[in-house]
Each structure stands twice: as structure tokens, then as C-alpha cells.
Amino acid sequence: MIVAVTLAILLSLLLLSIPVAATLITLGLSIGEIFSPFPLHRAMGEISWAASADFILLSIPLFVLLGEILLRAGIAGRTYKSLDKWLSWLPGGLMHANIGTSAMFAATSGSSVATAATITTVALPQARKYGYAESLFAGSIAAGGTLGILIPPSINLIVYGFLTNTSIPRLFLAGIVPGVLLSIMFMGCILVACLIKPELSGGTNKATWSERFRSLQDLLPVLFIFVVVIGSIYSGIATPTESAALGVLASMLLAARYKAINRQFFKEVFEGTMRTTAMIMLILISANYLNFILDSIGLSDALTEFVNTLGMTPFNTLLVIIAMYVVLGFFVETLSLMVITVPIVTPVLVGLGFDPIWFGVLLILLIEMALITPPVGLNLYVVQGVRQEGSISDVMIGAIPFVLMIVLMIVVLVAFPNVVLYFTQFV
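Residues numbered from 1 in each chain as written. Predicted model: local features only at pLDDT ≥ 70, side-chain atom pairs only at ≥ 80, totals over all residues. Heavy atoms only, no water.

Chemist: Which residues make up the packing of helix 9 (residues 155–164) against helix 17 (residues 334–351), and what are the values?
Modeler: Interhelical geometry of helix 9 versus helix 17 gives an angle of 35 degrees and a closest axis separation of 10 Å. Along this stretch, helix 9 crosses helix 17, giving a crossing that reads as right-handed. On the side of helix 9, the interface is formed by N156, V159, Y160, L163 and T164, while helix 17 contributes L335, M338, V339, V342, P343 and T346. A per-class count over the contact of helix 9 with helix 17 returns eight nonpolar, three polar and no charged. (Axes fitted to C-alpha atoms, helices over the stretch in contact; angles between N-to-C directions. Helix = DSSP H or I, 4+ residues; strand = E, 2+ residues; numbered from the N terminus. Left-handed = near helix turned anticlockwise from the far one by under 90°. Contact = heavy atoms within 4.5 Å. Nonpolar A, V, L, I, M, F, W, Y, C, P; charged D, E, K, R; others polar.)

Right, dumping it as C-alpha cells:
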């Protein structure tokens, strides 16, 4: 009864296009009034303060700020041009640079949307110049953008760690190998597609070896930021939050090095950071209150008991939950999907013997799939918004091969959990 009413109210509010944070608050208040004899709404202030005062959450605006600085300073554009010189000779040409630049930018920005928007702005003029098939080209950018939430530092992994009280340094380390493997799989997909249909690949930007080696200097800023952020965590110098602050300082030094700092630069950087941070924090606070309500009325315990009474094996339960995320990913925005489901689903799976670090990375892959599957695939709309011509169905069709690669990666993680867990034992 509780589950049915909760889902009915949630779906009704989402179908009315009410903002996600307002939907979560309204759902929490409604469920509390219907199913609890206690005035749970009086806890809203305390719950909101507790959700926003956690030290680890300070890393979110700092990582968003870091990505904004690198974007406005033009560092992403320099990275793309350098990788173009090194990778465009491959069948698929610039599309390999799309994936490579997305992977490198993901290692600094932590945001999928920021990665997709940045690479689209830089790459699309080159695609039109050299006559690429825009469907697969745009699909490669949308797919490459998903790497922003898997390769550390990842805002979504920070949110998962916060919601489940899981070690964020271990989550970051667990995301590296799957992120690199998925990047290689994306590039392999492009290579095979262009070998089968050469017309998908356009012309290439010819470069001499001397030009390639000179362009390596444009890759150094991203590597520098990655070393500062990730190196400071695993060397024990800084916590994830402190490493984000170090990353912001390093990115400001780079922006000054490229003479990008002026009044307009600061306006765009801080405005973009405030918009993104406000959206994320409002959803987190709303979700925290909803989770408090659901826990207070006993929904979490009821779901755990329900799963146990089904008599399914742990593996079959995992398959059901994966299927649930695939279906929900078609209709629910990704961050909202995480904060609504993780506090309920994770205890069930951990109780069945699954590692929370492993499930965190698996969840991010499922979220990645949701980012490039219609009708709510956010990266698809970001790429089309920058593209500003043609149909969004072209982007959706172009993203299909990459969705299949994510599915294959999920199969690999389920079959071989050590792909995620091997390096985490050293932290």
C-alpha cells in the first residue's frame, strides 16, 4: 500500500512537470501526513540543516567551480586540438578526439553536462568543416560526456558516497579502470562503425610529427589538475573536499597563465557555479527529507522484507534492480534518480552480500545509460541545444551504439567485480 501510493504521487508530480526538488518535498510531506501519526513535517528544518552542513558536500561547488574555470579559460579547446592531431588519422577521425577529450575533461570537471556542452562547442564546427555524418558524431559527444560522472573526480560519486556513507577516495579509485575501459570501448565502437561504413567518417586534419609533439604542451594543464586533485587525496595530503579547493587554486593559476582572467570571466564562472550548485543542493536537501520520511514510516524495512520473502537469489535480485534502473532511466532525471533510490536500494543489495563500492560504480554506469537514452537523456538535449539545427532524433540514433557499449561494460562489471575492486584494496 505504501509503495503503491508513493509511486502514484511521485509519477503524478513528475508528469505535471513540477521541478524535481519541489516534487520530492511535496512527496515527503504528503506521505508523512498520510501514513504517520506524528507531525514529521516539524523535522524539516533540522533535516535540511543536517543535509547541507556536511563537510564533504563542500566539494560539490568546488568541483563545479573547477570545471567552469577550465571551460571559460579555453583549456578544453586546447586539449581537443592536441588530441585531434594525435587521433584524427584513425578511421573515425575527430570522433576519437571527442572521446579522448571527454575522458580528459571528465578527469577535471566531474560533470557530464559540462563535459558534453564543452566538447560540442569545440568539436561541432570541425565536424561540419570536414564533412562528418553528424548523427554518429553528435552521438559520440553525448556518449563521451557521460564519462564525466565516472572518471574521478565525479560529483555523482560524491553524492553516492554521501548518501551511503561510503569512502569517496575508494569510490574515486574504483571509477578509474572502468572509465578508461569504457573510453577504449567507445573508441573501438567508432573504429568498427567507420570501417564498416567509411562514409560515416569525414576528412582529417593532417599534422606532422613535430606539430604533434608541440601540441603535447596543451595536454599538460589537464594532467596537472588531475595530479593535483587525485594525487593530493591518495598521498594523504588532502581530503576530497580539500583536494577540490587545491584544484580550484591550480585552475586559477592556469587561467592566469593563459591570460583568460577578466571581469567577464569571473561573472560567467561564478554565475555558472551558483546555478549548478543551487540545483544540486536543493535536490539533495529535498531527497534527504524524503528519505527521512520513508525511513520513519518503515518503507525501507518493508522493501527489505519484501525482497527477502520473494525467495530470489542475490544475483536475480541484482538483475531486477538493474532492470528497474534501466526503465526508470528513460523517465527520471539522473541525479534525482540517484537520490531517490540509492538510500532504499543500497541497503538491500549490501544485505545480500554485494560490495557498496562495486554497486556505486555499477550504478554510475546505469546512470550514464540514462543520460543518452530518450526521452529524458540529458546529454542528448545538451548536444542538440548547442547544435541548434537538424533533429534531436539524429543525436538519439547516433548514441545507440554507445548505449550498447555501456550495456557491455555493465555485463563485464557483473561478471568480473574485481575490475572495480582490485585497486580499492590498497586504500
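Read on for the rest.
Chemist: I'd like to hear about the packing of helix 4 (residues 59–72) against helix 9, residue by residue, with values.
Modeler: Remark: helix 4 packs on helix 9, axes separated minimally by 10 Å, with the N-to-C direction vectors making an angle of 175 degrees. Compared by their axis directions, helix 4 and helix 9 come out roughly antiparallel. Contacts between helix 4 and helix 9 involve S59, I60, F63 and V64 from the first element and I155, I158 and V159 from the second. Classifying every residue of the contact of helix 4 with helix 9 gives six nonpolar, one polar and no charged. (Parallel < 35°, antiparallel > 145°, perpendicular 65-115°, else oblique.)

Chemist: So, a nonpolar patch on the surface: which residues are in play, and what are the values?
Modeler: Together, V180, L181 and I184 make up an exposed nonpolar region whose accessible area comes to about 240 Å². Turning to its location among the elements, L181 is positioned in helix 10 (residues 168–196). Using a relative accessible area of 33% as the deciding quantity, one classes L181 as partly exposed. (Patch = residues over 30% accessible without salt bridge, like charges linked within 9 Å, V, L, I, M, F, W, Y side chains within 5 Å. Areas by Shrake-Rupley, 256 points an atom, 1.4 Å probe, with all protein chains shown as cover. Salt bridge = Lys/Arg side-chain N within 4 Å of Asp/Glu carboxyl O. Buried < 20%, exposed > 50% of the residue type's maximum accessible area, 1.4 Å probe, protein only.)

Chemist: Describe in detail the environment of L87, supporting the description with residues and values.
Modeler: Within the secondary structure, L87 sits in helix 5 (residues 75–87). Among residues more than four places away in sequence, those in contact with L87 are G93, H96, A97 and M187.

Chemist: Please give an account of the nonpolar core that cites residues and values.
Modeler: Ranked by internal contacts, the top residues of the largest apolar core, which has 138 residues, are F137 and V339. The element best represented in this core is helix 18 (residues 356–371), accounting for twelve residues. With near-sequence residues (within four places) excluded, V339 lies in contact with L24, V159, L163, I283, L284, A287 and N291. (Core = buried A, V, L, I, M, F, W, Y, C linked by side-chain atoms within 4.5 Å.)

Chemist: Can you lay out helix 4 for me, pointing to particular residues and giving the numbers?
Modeler: Here helix 4 spans 20 Å end to end across 14 residues, near enough to the 20 Å set by a 1.5 Å rise per residue. For helix 4, the buried fraction is high: eleven of the 14 residues fall into the buried class. All of the buried residues along helix 4 are S59, I60, L62, F63, V64, L65, L66, G67, E68, I69 and L70. Downstream of helix 4 by a residue or two, G74 has a phi angle that is positive, lying close to 80 degrees. (Expected span 1.5 Å × (residues − 1).)

Chemist: Tell me what's going on with unusual backbone geometry, and back it up with residues and numbers.
Modeler: Residue P153 is bonded to the preceding P152 through a cis peptide linkage, with omega at 0 degrees. For P153, the location among the structural elements is in the loop between helix 8 (134–146) and helix 9. A positive phi angle, close to 55 degrees, is found at N165, a residue other than glycine. Along the chain, the position of N165 falls in the loop between helix 9 and helix 10.

Chemist: Just give me the short version of the environment of A256, but keep the residues and values in it.
Modeler: Of note, A256 is situated in helix 13 (residues 240–257). We classify A256 as partly exposed; its relative accessible area is 44%. Counting along the chain gives 186 residues from A256 to L70, while the straight-line C-alpha distance between them is 11 Å.

Chemist: Got a sec to walk through the packing of aromatic side chains? Specific residues and values, please.
Modeler: For the structure shown, the criterion picks out nine aromatic pairs. Considering the side-chain rings of W86 and F213, the 5.5 Å spacing of their centres and the 85 degrees angle between planes classify their relative orientation as edge-to-face. Placement of W86 in helix 5 and of F213 in helix 11 (residues 209–215) is noted, with a sequence separation of 127 residues between them. Among the aromatic side chains, those forming a connected cluster through ring pairs are W86, W209 and F213. Of note, R212 hangs over the ring of W209, and the distance from its end group to the ring centre comes to 4.7 Å. Seen from the ring of Y258, R257 lies directly overhead, with NZ or CZ sitting 5.4 Å from the centre. (Phe/Tyr/Trp six-rings, centres within 6.5 Å; stacked < 30°, edge-to-face > 60°. Lys NZ or Arg CZ within 6 Å of the ring centre and 35° of its normal.)

Purely geometric numbers; function is a separate question.
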